[in-house]
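Secondary and tertiary structure notes
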Amino acid sequence: LSRMKPVIVVHGGAGRIFKEREEGCRAGVVRAALRGYGVLKHGGSAVDAVEEAVRSMEDDPHFNAGCGSVLNEKGEVEMDAIIMDGKNLDSGAVSAVKCIANPIKLARLVMEKTKHMLLTDHGAHLFAQAMGIPEIPGEKLITERSRERWKKNLEPDSNPEEFQKDLGTVGAVAIDSEGNVACATSTGGLSNKLIGRVGDTACIGSGGYADNHSGATSTTGHGESIMKVVLARLILYHMEQGMSPEVAADTALDYMKTRVGGLGGVIVVNKAGEWAARFSTKQMSWATVKDDNLYYGIFAGEKHTKSVDEALASERKGF
C-alpha cells in the first residue's frame, strides 16, 4: 500500500482581524497546525488530528470558539461544532451547547457513541453529563473582549453587522498516511444572536464535509449564507468535477458572493493531498503543514514558510 504524505490545514476564521489580534491569531493557527501534524506524524488518524487542532483553538481566547466565544443576545455563550470522517461519512455535531470547554470533543462522542449525528442544547448537555465531560461555569468561557462587544452591540445605535466581520470560527481538515480525510469546525456563532440560533457550523455539508472519494473542507464566514449554498459540499462537488482545491474553493466562494451576497473562507484538502486556504473576506488566519514544511498567513496573497523543526523550536521558546 503506498503511504500518503499526511497534510493538515487549519483556519481561525474569516472576517476582519483587528491589528492588535493579528499576532495572536497567527500564533494560534500555527500552534494548532503543528499539534494536528504531530498527531499525523505519530500515525494518528485524520479524525484525531482535526479534533486535536480544533481543541487547541477552542482553548485559545483569540478565537470565537470554546473560550473566547461571542455572546448571544442574553449575554451567554452557545457553541456549535461538527466533525466528520471521510472513510465512512460518519459525522457528529452539537449545537447551542453551554458550559463545556471543548464542543469538538462532544461532537466526536456523538459520532462514536450514538446512532445520531446532531444533538442540541439540553439533550447535548445530558449526553455530555452521561459521557463524564466536566461542566465548567459559563463565565469561564467569557473573555473581556466578548463582553465588551456584546455591550456595544446592545446600544440602540449599534450596528452588530459591523462587529460580525471579526468572526473567528475555527476549523481543520486533514489527510492521514492511510489516505483517510476528515474535517472539524467549531464556533461561538454570531455576536448578539437570538437564543437558540444554529448557524452553518453544526450542519453537515455547510460547516464541513469529508469524503475519501474527493476530499475534506471546513468553512467560516456568514453562516446563513453558507447554509443557503451548502458551501462545504459544493466545494467537494466541484472537485469531483475535476477542479483543483483552489479553483473549487474560489468558484464556490464566488457563487456564494454573487448569488446571496455572502462572504466567507474555506480550507480544503483533496484525496491526493493537495490543499488550499481561500477567502472572500478581508482576512482569514490559516496554517498548513505538508512535507515537514509549515505555511501560514492572514492576508490575501500572504504565505510564510518555515520548516516544522524551526517552527517547533520557536514554539517552545513561546512564539
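All values reported here derive from a predicted model rather than from experimental measurement.

Looking only at helices and strands, one finds 10 helices and 13 strands in the protein. Over its C-alpha atoms the protein spans a radius of gyration of 18 Å, differing by no more than 12% from the 20 Å that the globule rule assigns to 319 residues. Taken over the C-alpha atoms alone, the protein extends approximately 60 × 45 × 45 Å along its principal axes. Taking all 319 residues of the protein together, the buried fraction comes to 58%. The contacts in the protein between residues at least 6 apart in sequence include a share of 65% that link residues at least 24 apart.

Time to look at the sheet that holds strand S8 (residues 215–221). Spatially, the four strands line up as an open sheet ordered S7-S8-S9-S10, and their pairing is antiparallel. Looking at the sheet topology across the chains shown, the edges are occupied by strand S7 (208–211) and strand S10 (275–279). Ignoring which end each strand starts from, the neighbouring axes of this sheet average 10° apart.

What follows deals with the pattern of salt bridges. Under the criterion given, the structure shown has 21 salt bridges. Taking the shortest distance from any N to any O, the salt bridge between Glu112 and Arg108 comes out at 2.9 Å. A residue pair is termed a helical-turn pair when its members lie 3 or 4 positions apart in one helix, as Glu112 and Arg108 do in helix H3 (residues 103–113) at four residues. By relative accessible area, Glu112 is classed as partly exposed at 45%. For Arg108, a relative accessible area of 14% puts it in the buried group.

For Cys99, which is not glycine, the phi dihedral falls at a positive 60°. Inspection of the secondary structure assignment puts Cys99 in the loop between strand S3 (90–97) and H3. Cys99 gets classed as partly exposed once you look at its relative accessible area, which sits at 22%. Phi is positive for Asp291, close to 55°, though the residue is something other than glycine. Position of Asp291 among the secondary structure elements: in the loop between strand S11 (283–290) and strand S12 (293–299).

For the rest of this paragraph, the subject is the packing of helix H1 (residues 22–41) against helix H10 (residues 308–316). Relative to each other, H1 and H10 sit at 120°, their axes nearing to 11 Å. The angle between the axes of H1 and H10 places the two elements in the oblique class. The crossing of H1 and H10 is left-handed. Contact residues: H1 offers Arg31, Leu34 and Tyr37, while H10 offers Val308, Ala311, Leu312 and Glu315. Looking at side-chain class alone, the contact of H1 with H10 contains five nonpolar, no polar and two charged residues.

So, on to the UniProt feature "binding site: substrate" (unreviewed entry) in the protein. Feature annotation in UniProt assigns "binding site: substrate" (unreviewed entry) to the following positions: Arg197, Val198, Gly199, Asp200, Thr220, Gly221, His222 and Gly223. Relative to the assigned elements, Thr220 resides in strand S8. Of note is the side chain of Thr220, whose polar atom sits 2.9 Å from the backbone nitrogen of Ala14. Mapped onto the elements of the fold, Gly223 is located in helix H7 (residues 223–229).

With seven of its seven residues buried, strand S2 (residues 79–85) lies for the most part within the structure. Pairing geometry for S2 and S3, over six bridges, is antiparallel. Bridging from a neighbouring strand, Ile82 pairs with Ala93 of S3. Counting the residues that bridge the hairpin from S2 to S3 gives four residues, and of these Leu89 lies at a positive phi of roughly 65°. Direction of pairing for S2 relative to strand S6 (residues 181–187): antiparallel, over a ladder of six bridges. Counterpart to Asp80 in the pairing with S6 is Thr187.

Quick notes on the rules
- Residues numbered from 1 in each chain as written.
- Predicted model: local features only at pLDDT ≥ 70, side-chain atom pairs only at ≥ 80, totals over all residues.
- Heavy atoms only, no water.
- Helix = DSSP H or I, 4+ residues; strand = E, 2+ residues; numbered from the N terminus.
- Rg over C-alpha atoms; globule rule 2.2 N^0.38 Å.
- Buried < 20%, exposed > 50% of the residue type's maximum accessible area, 1.4 Å probe, protein only.
- Contact = heavy atoms within 4.5 Å.
- Pairing = 2+ DSSP bridges.
- Axes fitted to C-alpha atoms, helices over the stretch in contact; angles between N-to-C directions.
- Salt bridge = Lys/Arg side-chain N within 4 Å of Asp/Glu carboxyl O.
- Parallel < 35°, antiparallel > 145°, perpendicular 65-115°, else oblique.
- Left-handed = near helix turned anticlockwise from the far one by under 90°.
- Nonpolar A, V, L, I, M, F, W, Y, C, P; charged D, E, K, R; others polar.
- UniProt positions renumbered as here; feature names shortened; annotations may be inferred.
- Polar contact = N/O pair within 3.5 Å; in protein donor to acceptor, adjacent residues only side chain to side chain.

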